[in-house]
Amino acid sequence: MKMFKKIGLVSVVAFALFAFNACGDDSNSTSASGENESSSSVISGIDPESSSFSSIIANSSSSLDDVDRSSSSDVDAEYSSSSSEKSSSSSVSFWSFDVPKEDRLNPEITYGTMTDKRDGKTYKTVKIGDQVWMAENLNYDPGNVFNTSYAWSGCYNNVDKNCGVTGRLYTWVVARNNADCDYGKECDATLKPATPIQGICPSDWHLPTKAEFNTLVETVGGSSIAGDILKSGSGWYKRNGTDAYGFSALPAGFRGDIFFYHDGVHARFWSASEYDSYEAYYLGLVWDLEKGDMYHNYKYYAFSVRCVMNSKIKA
């Protein structure tokens, strides 16, 4: 991943788009299980202030990897040019951290509730198939739990109030709550552990494995349509989901190497499963893709966390 000098947004974007068009998609990551999964990359060095409301190429792309290679000015132009479309929509139809998270839930779903005894925060829950999921992203602040440069959790754009909407973002070592799971360390190659891995989740809940996310995806109809089914019914850039099961995935974006990317267009949820010593699996959803599937990416990236209620994990 090259670090570009901060020479002005226009020059950076022009160079990035030229490089993208010249080189094409150079991703060649494969999954441990042989599935068609990819590890995404992002353009570093772009002013984070210019990347609010994500960074996407006009007319979009066909994969998570393509969206990650995009520049931050394109969406600003497209968003501005479509202002008439936005103004005719409801006040919560497009993404804003100023909209309360409750307004994004499916009003036709009867949600349960759970309280995290560690800090008293209450979350909506929903039963999907045989699994019970948190219907909101975890917003627990663990503090400085590990003495490593890769241990980080925080709010999108480092704005505290954003955590109240989309929860916190966590690097994988913090999500796993295990110093042995740091970037560059291989802590658990088992994709189907015999017991739940609690990680950063509250008691009686745990960080879902890759297999458990796959179960969720299959329950809602399979990876080819899971994106549209799991996305919230509002807040996504141009293409909201049906939220038919009440999972209500919000486009919370993520933190890359040091900058924040893709609020309004991406949702990424860490799993407890490791790809290798440098990457771990996550469930990825993108605004323009009907698909929702498992991918892998660097452990030092910070993604959202959804916890699932404990039950005996089937081998």
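Residues numbered from 1 in each chain as written. Predicted model: local features only at pLDDT ≥ 70, side-chain atom pairs only at ≥ 80, totals over all residues. Heavy atoms only, no water.

A. Structural context of the overall build of the protein. Regarding its fold elements, the protein presents 8 helices and 13 strands. Counting every position in the protein, which comprises 315 residues, the buried fraction comes to 55%. In the protein, of all internal contacts separated by at least 6 residues, the share reaching a separation of at least 24 is 64%. When the accessible area of the protein is evaluated, it comes to approximately 13300 Å², of which 49% is carbon and sulfur surface. (Helix = DSSP H or I, 4+ residues; strand = E, 2+ residues; numbered from the N terminus. Buried < 20%, exposed > 50% of the residue type's maximum accessible area, 1.4 Å probe, protein only. Contact = heavy atoms within 4.5 Å. Areas by Shrake-Rupley, 256 points an atom, 1.4 Å probe, with all protein chains shown as cover.)

B. Seen up close, the sheet that holds strand S9 (residues 266-274). Across the sheet, 3 strands lie side by side as S9-S10-S11; this open sheet has antiparallel pairing. Of all the strands in the sheet, just S9 and strand S11 (292-298) have a single pairing partner and so form its edges. Strand-to-strand twist across the sheet, computed as the mean angle between neighbouring axes with direction ignored, equals 35°. Across 6 bridges, the pairing between S9 and strand S10 (residues 279-286) is antiparallel. Looking at S10, one finds that Ala267 is bridged to Leu285. Seen against the sheet, helix H8 (residues 223-230) touches S10 and S11 and runs at an angle of roughly 90° to S11. (Pairing = 2+ DSSP bridges. Axes fitted to C-alpha atoms, helices over the stretch in contact; angles between N-to-C directions.)

C. The arrangement of the packing of aromatic side chains in detail. The tally for this structure, following the rule as stated, stands at 24 aromatic pairs. Ring plane angle 20° and centroid distance 5.3 Å describe the contact between Trp133 and Phe213, whose orientation is recorded as stacked. Here the residue Trp133 occupies a position in strand S3 (residues 131-134), and Phe213 occupies one in helix H7 (residues 210-219), the gap between them amounting to 80 residues. Taken individually, Trp133 and Phe213 each receive the classification buried, so the pair is uniform in this respect. Geometrically, the ring pair formed by Phe247 and Phe269 is edge-to-face, given 5.8 Å between the ring centres and 80° between the ring planes. Pair noted here: Phe247 is in the loop between H8 and strand S7 (254-255) and Phe269 is in strand S9, with a separation of 22 residues, a long-range link. Like Phe269, Phe247 is buried. Members of the aromatic cluster, each reached through a chain of ring pairs, are Tyr150, Tyr183, Phe254, Tyr261, Trp270, Tyr278, Tyr282, Tyr295, Tyr298, Tyr300, Tyr301 and Phe303. A cation over a ring is seen here: Arg118 above Tyr140, with NZ or CZ 3.7 Å from the ring centre. The ring centre of Phe247 lies 4.3 Å from the NZ or CZ of Arg306, which sits over that ring. (Phe/Tyr/Trp six-rings, centres within 6.5 Å; stacked < 30°, edge-to-face > 60°. Lys NZ or Arg CZ within 6 Å of the ring centre and 35° of its normal.)

D. Quick look at the environment of Asp243. The topology assignment puts Asp243 in the loop between H8 and S7. In the structure, Asp243 is positioned 138 residues away from Leu105 in sequence and 8.3 Å away in space, judged by C-alpha atoms. Those residues in contact with Asp243 that sit more than four places away from it in its chain are Arg104, Leu105, Asn106, Tyr111, Asp228, Ile229, Leu230, Lys231, Ser232, Gly233 and Ser248.

E. Highlighting empty space enclosed by the protein. Going through the model one piece at a time under the given rule, you end up with 2 cavities of 30 Å³ or more. If you trace the largest cavity, you find 17 residues lining it, with Lys101, Glu136, Asn137, Val165 and Leu250 closest to the centre. Take the lining of the largest cavity: its biggest share by element is 4 residues, from helix H5 (residues 160-166). (1 Å grid on protein atoms, 1.4 Å probe; cavity = no way out; pocket = protein on both sides within 12 Å on 5 of 7 lines; lining within 4 Å. Points joined across faces, edges and corners; volume = space filled by probe spheres on them.)

F. How the structure looks around the state of the cysteines. Taken as a whole and judged by the stated rule, the model has 3 disulfides. Bridging Cys155 to Cys163, the disulfide has an S-S length of 2.0 Å. What sets the handedness of the Cys155 and Cys163 disulfide is the S-S torsion sign, and at about -110° it is left-handed. A single burial state applies to Cys155 and to Cys163, both of which are buried. Note that Cys181 is cross-linked by a disulfide to Cys187, the S-S spacing being 2.2 Å. Between Cys181 and Cys187 the sulfur-sulfur dihedral comes to about 95°; the bridge is accordingly right-handed. By relative accessible area, Cys187 is classed as partly exposed at 24%. Sequence-ordered numbering of the disulfide-bonded cysteines in the protein gives the connectivity 1-2, 3-4, 5-6. (Disulfide = S-S within 2.5 Å.)

G. Structural context of H7. Looking only at H7, the buried set comprises Lys210, Glu212, Phe213, Leu216 and Val217. Buried residues in H7, looked at end-on, bunch into an arc of 165°, giving them a common side. (Arc of directions from axis to C-beta.)

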